[in-house]
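# Residue-level structure breakdown
So you can see what is in the structure, the chains are spelled out below.
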Amino acid sequence: MLRPFRQVGPTQWIWLCCAIAIVIATMAPDQAQANNARPYRGPVAWSIVLCTFSDSPAPPHDPAYYRDLIVNRGTSGLSDFLAAVSYGNSDLTPTVVKGWYTMPFTRAQEEALGGGGSPTRTRKYQDCLDAAAHSAHDPYTPPPGQLVAVVTSPGIDLFGMIGIGSYLPDNVDMVGMSHEVGHGLGFSHSFSNNPVAANEEYDDPWDMMSAYNVFADPRPGARFGNAGPGFNAHHVDEMGWLPRPRIFTAGADGQLTNSLTLAALNHPEAPGFLIARVPFDPADLFHYYTVEFRKADGFDGGLPGSTVLIHETKLDAAAGVYHTYLLRDNGAPGRPPIQALNDNGVTISIESVNQAANQAHIKIVNQIVDRCLQGFVWREASPSDHVCVTPALRAQAAADNALAAARRNPAGGPFGPDTCLQGFVWREAFPNDHVCVVPATRTQAAADNQAAASRHNPARNVFGPNTCVVGFVWREADASDFVCVTGAERSTVAGENANPALHRNPAGGPFGPDTCLTGFVWRDSFPGDHVCVVPPRRDQVRADNNQAHARLMRPNDE
Amino acid sequence: MRHPLTTACHCFAGCCVAVLCATGAWAQQGERAPLRADLQAAAEHLMHHPHPYAMTEEVARVRLEKFGFERTQSLQPTAHNTFQAEVMKNGEARRVEIDRITGELRPLQ
């Protein structure tokens with residue numbers, strides 16, 4: 001029998017509160033969602049823990065400074081940066097700043113743990129977290145799985161750990177913080193095609209993930225020091241922040257040649273595509289070029305000028321992940337980004353740049369539209385026969401061609417000089433194909449012709465970094481919803497979207513004009529999704545959101 | 001016989017005392033717990049992937065140009081993680097130093 005409520009004593013209350021706190025902490029999936037959880041939309045919660053050494057002078061900044069630098073909107077700080085590069089899909093507003101905590105170690109003791117090359121380097125990070133956890137006045141332990149940035153005063157080291165957090169000096173600027181947040185989102189470094197140091201890491205100064213070797217905006221006098229540049233288009237694409245109508249995949253529509261307009265990646269208000277993917281490798285549909293236009297203003301204000309960038313996204317076999325490689329003209333002074341490409345059956349050229357309109361106009365010719373899916377080859381029954389068949393059937397066609405004369409009746413017959421010997425028929429792989437083959441081969445050729453379209457043009461199957469595993473499709477609750485769900489679930493969502501006001505209270509209510517009728521709740525498939533559904537539907541959407549990363553074909557990217 | 005909740009409360013209180021004792025000991029003596037396994041693995045990773053914080057000559061040159069300097073080709077690395085350069089601004093020759101991490105610009109005599 002339960003005790004009456006009023007008989008629970010103080011000790012029991014403490015026990016109960018602790019238990020509830022533990023349960024709540026384990027029920028907070030959002031805390032760690034941004035850690036390798038792409039596609040990701042919503043605010044990102046980090047813990048920022050400030051620490052001094054036992055012999056540190058007074059820190060130069062109070063916690064409020066770091067809240068403005070990292071958490072608060074409208075300060076031109078990190079939260080504004082993330083909101084800008086994500087097109088409003090994310091920011092850092094749930095992040096907490098704790099400290100200053102004093103470690104029971106001197107600066108010299110901590111420095112003795114070493115920097116790059118030391119196996120005890122990360123001990124410095126744990127020492128700060130231990131100081132926070134053991135604090136007598138304000139103990140703090142970050143929620144499990146949450147990314148944590150440790151800031152020390154004075155600064156003695158700087159490093160980031162993917163999926164864990166970072167260790168930063170007290171004078172860290174926007175560049176350092178942005179780069180580490182990028183790691184927290186799951187991005188690894190960016191590379192170039194530098195032949196001197198093969199595929200040189202940190203050699204894409206136009207991308208934040210090459211920091212500190214980046215074209216940051218010097219912003220003299222700025223409160224938070226240097227800032228920018230943004231992330232490259234592939235990184236933004238990975239997070240699912242590019243709306244589907246702003247993504248162009250060259251060849252997906254079967255067109256060999258395309259002229260298109262790119263909007264500057266940092267000017268989404270301009271009309272045009274924000275990224276062009278140019279696939280060329282039938283054996284790897286994630287291996288492609290990307291084309292983007294960057295305008296040298298805003299957080300990209302430190303770029304040497306506005307420019308079109310072409311990257312190659314490909315598998316780093318040693319690391320087992322895909323990286324972006326900026327294609328630079330390594331033979332030219334200053335190694336500028338290439339402005340034209342003619343390789344792997346792809347031609348990319350820049351037709352014009354309109355600075356005032358924040359647009360670039362480019363032309364792409366992509367031979368992949370005439371290539372076969374992996375596992376198939378051109379039949380080549382004639383030099384122009386590009387019907388895709390298995391390699392064995394191509395060999396069969398070549399053998400039949402070689403035997404063509406021997407299978408023809410030298411005396412001719414009712415079909416003229418091309419009349420076949422008894423037991424053979426015209427192959428008819430293409431009009432006027434009078435090579436004589438056994439009837440089964442003609443039947444096979446007809447079947448291959450029938451299947452030709454389904455085996456052609458691998459670009460049709462290129463869907464980028466958020467491609468779903470077989471059996472799942474994008475939910476498409478809105479233009480940026482890349483969560484993978486069953487086909488039935490997508491249909492259900494489409495049905496709900498068809499009449500979004502259906503279960504809304506026409507009289508409004510406590511939640512404004514989007515207030516739902518009694519018994520209905522917001523669907524919440526993404527922040528701001530106010531379609532009203534019954535609660536089990538919202539549960540389904542949440543469950544799918546939690547499975548989003550696991551349903552990606554390439555989950556371990558970056 | 002004691003109520004199970006009472007027993008649990010006593011256990012919990014005992015744990016709290018132990019934690020408080022450990023906290024005090026840690027704070028006073030600075031003894032370290034074993035390094036977390038994920039941090040150990042991160043240290044190994046960092047050993048093989050040292051982070052070159054410093055900006056390259058290319059980035060430093062663009063930075064100087066953004067500050068309005070000309071003739072930025074004269075950049076020379078120093079032993080103190082800076083570049084020095086003989087540059088021009090407003091028709092005047094100047095010697096400057098640029099920090100390769102913070103990007104801070106300092107005039108030189």
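Residues numbered from 1 in each chain as written. Chains lettered and ligands numbered in written order. Predicted model: local features only at pLDDT ≥ 70, side-chain atom pairs only at ≥ 80, totals over all residues. Heavy atoms only, no water.

### Details of the overall build of chain B
Along the backbone of chain B there are three helices and four strands. From first element to last, N terminus to C terminus, chain B shows the α and β order α-α-α-β-β-β-β. Taken across its 109 residues, chain B has 30% of its residues classed as buried. Across chain B, contacts joining residues at least 24 apart in sequence account for 25% of those joining residues at least 6 apart. Split by element, the accessible area of chain B, about 6,800 Å² in all, is 59% carbon and sulfur. (Helix = DSSP H or I, 4+ residues; strand = E, 2+ residues; numbered from the N terminus. Buried < 20%, exposed > 50% of the residue type's maximum accessible area, 1.4 Å probe, protein only. Contact = heavy atoms within 4.5 Å. Areas by Shrake-Rupley, 256 points an atom, 1.4 Å probe, with all protein chains shown as cover.)

### Some points on the sheet that holds strand β1 (residues 76-77) of chain B
Taken in spatial order, the four strands line up as β1-β2-β3-β4 (chain B) in an open sheet, and their pairing is antiparallel. Of all strands in the sheet, those bounded by a partner on one side alone are β1 and β4 (105-108) of chain B. (Pairing = 2+ DSSP bridges.)

### Here we look at the pairing of strand β15 (residues 359-366) of chain A
Residue and element names in this part refer to chain A. In terms of burial, β15 is largely enclosed, as six of its eight residues are buried. Sheet topology note: the strand β8 (residues 257-263)/β15 ladder contains seven bridges and is antiparallel. Bridge pairing in β15 links Thr-261 to His-361. By the bridge criterion, eight bridges tie strand β14 (residues 346-354) to β15 in an arrangement that is antiparallel. Considered in β15, the bridge of Ile-350 is made with Ile-362. Between the antiparallel neighbours β14 and β15 lie four residues, among them Asn-358 with a positive phi of about 60°.

### Description of the environment of Val-483 of chain A
Residues and elements named next belong to chain A. Mapped onto the elements of the fold, Val-483 is located in the loop between β20 (473-474) and β21 (484-485). Between the alpha carbons of Val-483 and His-311 there is a distance of 26 Å; along the sequence they are 172 residues apart. Setting aside residues up to four positions removed in sequence, Val-483 forms contacts with Pro-39, Val-473, Trp-474, Arg-475, Asp-544, Asn-545 and Ala-548.

### Looking at the pattern of salt bridges
Residues and elements named next belong to chain A. Taken as a whole, this structure holds 40 salt bridges over all chains when the rule is applied. Among the salt bridges present, the one from Asp-433 reaches Arg-427, with a minimum N-O distance of 2.8 Å. Residue class for Asp-433 comes out buried when judged on its relative accessible area of 1%. Between Glu-476 and Arg-490 there is a salt bridge, with the nearest N and O atoms lying 3.5 Å from each other. In this pair, Glu-476 is assigned in the loop between β20 and β21 and Arg-490 in helix α10 (residues 487-498), connecting sequence segments 14 residues apart. Residue class for Glu-476 comes out partly exposed when judged on its relative accessible area of 33%. (Salt bridge = Lys/Arg side-chain N within 4 Å of Asp/Glu carboxyl O.)

### Some remarks on the environment of Leu-341 of chain A
Residue and element names in this part refer to chain A. By the element assignment, Leu-341 lies in strand β13 (residues 340-343). Overall, the relative accessible area of 8% leaves Leu-341 in the buried class. Distance from Leu-341 to Tyr-65, taken between C-alpha atoms, is 46 Å for residues 276 residues apart in sequence. The contact partners of Leu-341, leaving out residues within four places of it in the chain, are Tyr-289, Ile-310, Leu-327, Val-346, Thr-347 and Ile-348.

### Focus: the sheet that holds β14 of chain A
Residue and element names in this part refer to chain A. Spatial strand order, β8-β15-β14-β13: four strands in an open sheet with antiparallel pairing. In the strand order of this sheet, the two ends are held by β8 and β13, each with one partner. Averaged over all pairs of adjacent strands, the angle between strand axes in this sheet comes to 20°, irrespective of strand direction. (Axes fitted to C-alpha atoms, helices over the stretch in contact; angles between N-to-C directions.)

### Observations regarding the packing of aromatic side chains
In this description, an aromatic ring pair is defined by two values, namely the gap between the centres and the angle between the planes. Taken as a whole and judged by the stated rule, the model has 16 aromatic pairs over all chains. Relative to Trp-522 of chain A, the ring of Phe-511 of chain A has its centre 5.6 Å away and its plane inclined at 65°; by these criteria the two rings are edge-to-face. Within this pair, whereas Phe-511 of chain A is found in the loop between α10 and β22 (521-522), its partner Trp-522 of chain A is found in strand β22, the two being separated by 11 residues in sequence. Overall, the relative accessible area of 22% leaves Trp-522 of chain A in the partly exposed class. Site record: aromatic cluster; members linked through ring pairs are Tyr-65, Tyr-66, Trp-100 and Phe-224 of chain A. Against the face of Phe-105 of chain A rests Arg-32 of chain B, its NZ or CZ located 3.9 Å from the ring centre. Directly above the aromatic system of Phe-69 of chain B lies the positively charged group of Lys-89 of chain B, at a separation of 4.9 Å from the ring centroid. (Phe/Tyr/Trp six-rings, centres within 6.5 Å; stacked < 30°, edge-to-face > 60°. Lys NZ or Arg CZ within 6 Å of the ring centre and 35° of its normal.)

### What about unusual backbone geometry?
Residue and element names in this part refer to chain A. Here the amide bond leading from Ser-153 into Pro-154 is cis, since omega sits at -5°, within 30 degrees of zero. Note that Pro-154 resides in the loop between β3 (147-153) and β4 (159-161). Cis geometry marks the peptide bond from Gly-228 to Pro-229; its omega dihedral reads 5°. The residue Pro-229 is located in the loop between β6 (191-192) and α7 (233-238) in this model.

### Here's the deal with helix α9 (residues 439-455) of chain A
Residue and element names in this part refer to chain A. For α9, with 17 residues, the first-to-last C-alpha span of 23 Å sits near the 24 Å given by 1.5 Å per residue. Largest kink in α9: about 35°, centred on Asn-449. Where α9 is concerned, the buried positions are Thr-441, Ala-445, Asp-448, Ala-451, Ala-452 and Arg-455. Those residues of α9 that are buried are in contact with β17 (388-389), α8 (391-402) and β19 (436-437). (Expected span 1.5 Å × (residues − 1). Bend = angle between axes of the 7 residues up to and from the residue.)

### Let's talk about the confidence of the model for chain A
Averaged over every residue, the pLDDT of chain A is 91; residues scoring 70 or more account for 92%. Across residues 1-35 of chain A, confidence stays below pLDDT 50; counting only partners more than four residues off in sequence or on other chains, it has 29 contacts. (pLDDT = per-residue confidence, 0-100.)

### Comments concerning the packing of α10 of chain A against helix α11 (residues 535-547) of chain A
Residues and elements named next belong to chain A. At a closest axis distance of 12 Å, the pairing of α10 and α11 adopts a crossing angle of 130°. Classified by the interaxial angle, the pair formed by α10 and α11 is oblique. The handedness of the crossing between α10 and α11 is left-handed. Here Glu-489, Thr-492, Val-493 and Glu-496 of α10 lie close against α11, whose contacting residues are Arg-537, Gln-540, Val-541 and Asp-544. Looking at the contact of α10 with α11 residue by residue, the classes come out as two nonpolar, two polar and four charged. (Parallel < 35°, antiparallel > 145°, perpendicular 65-115°, else oblique. Left-handed = near helix turned anticlockwise from the far one by under 90°. Nonpolar A, V, L, I, M, F, W, Y, C, P; charged D, E, K, R; others polar.)

### Some points on the state of the cysteines
All names here are of chain A. Scanning the model with the defined rule gives five disulfides over all chains in all. Put simply, Cys-51 and Cys-128 are joined by a disulfide, and their sulfur atoms are 2.0 Å apart. Here the disulfide of Cys-51 and Cys-128 is right-handed, its torsion about the S-S bond being about 85°. Of this pair, Cys-51 sits in strand β1 (residues 46-52) while Cys-128 sits in helix α5 (residues 123-133); the two residues are 77 residues apart in sequence, bridging distant segments of the chain. With a relative accessible area of 0%, Cys-128 lands in the buried category. Here Cys-516 is linked by a disulfide to Cys-532, with a sulfur-sulfur distance of 2.1 Å. (Disulfide = S-S within 2.5 Å.)

### Observations concerning the confidence of the model for chain B
For any part of a model where pLDDT is low, the fine detail of the predicted coordinates should not be relied upon. Residues and elements named next belong to chain B. For chain B, per-residue confidence averages 76 on the pLDDT scale, and 69% of positions sit at 70 or higher. Here residues 15-28 scores under 50 on pLDDT; set against residues more than four positions off or in separate chains, the count is 11 contacts. Note on the complex model: pTM 0.86, ipTM 0.73.

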